[in-house]
Amino acid sequence: MTHEPCVGFAADAYSRIRGLGLAVVTYSVGGLNMVNAVVGAYAEKSPLVILSGGPGKG
């Protein structure tokens, strides 16, 4: 997918069909772009996991 919300909505749809959805997104802005998809999945009680990276300890 080309944009994080698309990934989130696709993972939500997958979780409704298969039982669990997973979305892997980039750090910071990518995670924030998932808010609408996560809220929609939460409201419908669809199990959705978001995996987002982060900077390492320097």
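The structure under discussion appears in the preceding block.
In what follows, the accompanying structure is described. Source: prediction; values computed, not measured.

1. Let's talk about the pattern of salt bridges
For step 1, the next point in the chain: Here the structure, examined in full by the defined rule, presents one salt bridge.
For step 2, the next point in the chain: In this structure, Asp 12 and Arg 16 form a salt bridge, with 3.1 Å as the shortest nitrogen-oxygen distance. Here Asp 12 pairs with Arg 16, and both are found in helix H1 (residues 4-18), just four residues apart, close to one helical turn.
For step 3, the next point in the chain: Overall, the relative accessible area of 47% leaves Arg 16 in the partly exposed class.

2. As for the side chain of Glu 4
For step 1, the next point in the chain: Tracing the sequence through the fold places Glu 4 in helix H1.
For step 2, the next point in the chain: One buried charged residue, Glu 4, remains without a salt bridge, the closest side chain of opposite sign being Arg 16 at 19 Å.
For step 3, the next point in the chain: Discounting chain neighbours no more than four positions away, the residues touching Glu 4 are Val 25, Thr 26, Gly 30, Asn 33 and Met 34.

3. What about the nonpolar core?
For step 1, the next point in the chain: Val 7, Ala 11, Ala 23, Val 25, Met 34, Ala 41 and Leu 48 together form the largest nonpolar core, which totals seven residues.
For step 2, the next point in the chain: Elements supplying a minimum of two residues to this core: H1 and strand S1 (21-25).
For step 3, the next point in the chain: Setting aside chain neighbours within four positions, we find Ala 41 in contact with Asp 12, Ser 46 and Leu 48.

Conventions and cut-offs
- Residues numbered from 1 in each chain as written.
- Predicted model: local features only at pLDDT ≥ 70, side-chain atom pairs only at ≥ 80, totals over all residues.
- Heavy atoms only, no water.
- Salt bridge = Lys/Arg side-chain N within 4 Å of Asp/Glu carboxyl O.
- Helix = DSSP H or I, 4+ residues; strand = E, 2+ residues; numbered from the N terminus.
- Buried < 20%, exposed > 50% of the residue type's maximum accessible area, 1.4 Å probe, protein only.
- Lys, Arg positive; Asp, Glu negative; His and termini not counted.
- Contact = heavy atoms within 4.5 Å.
- Core = buried A, V, L, I, M, F, W, Y, C linked by side-chain atoms within 4.5 Å.

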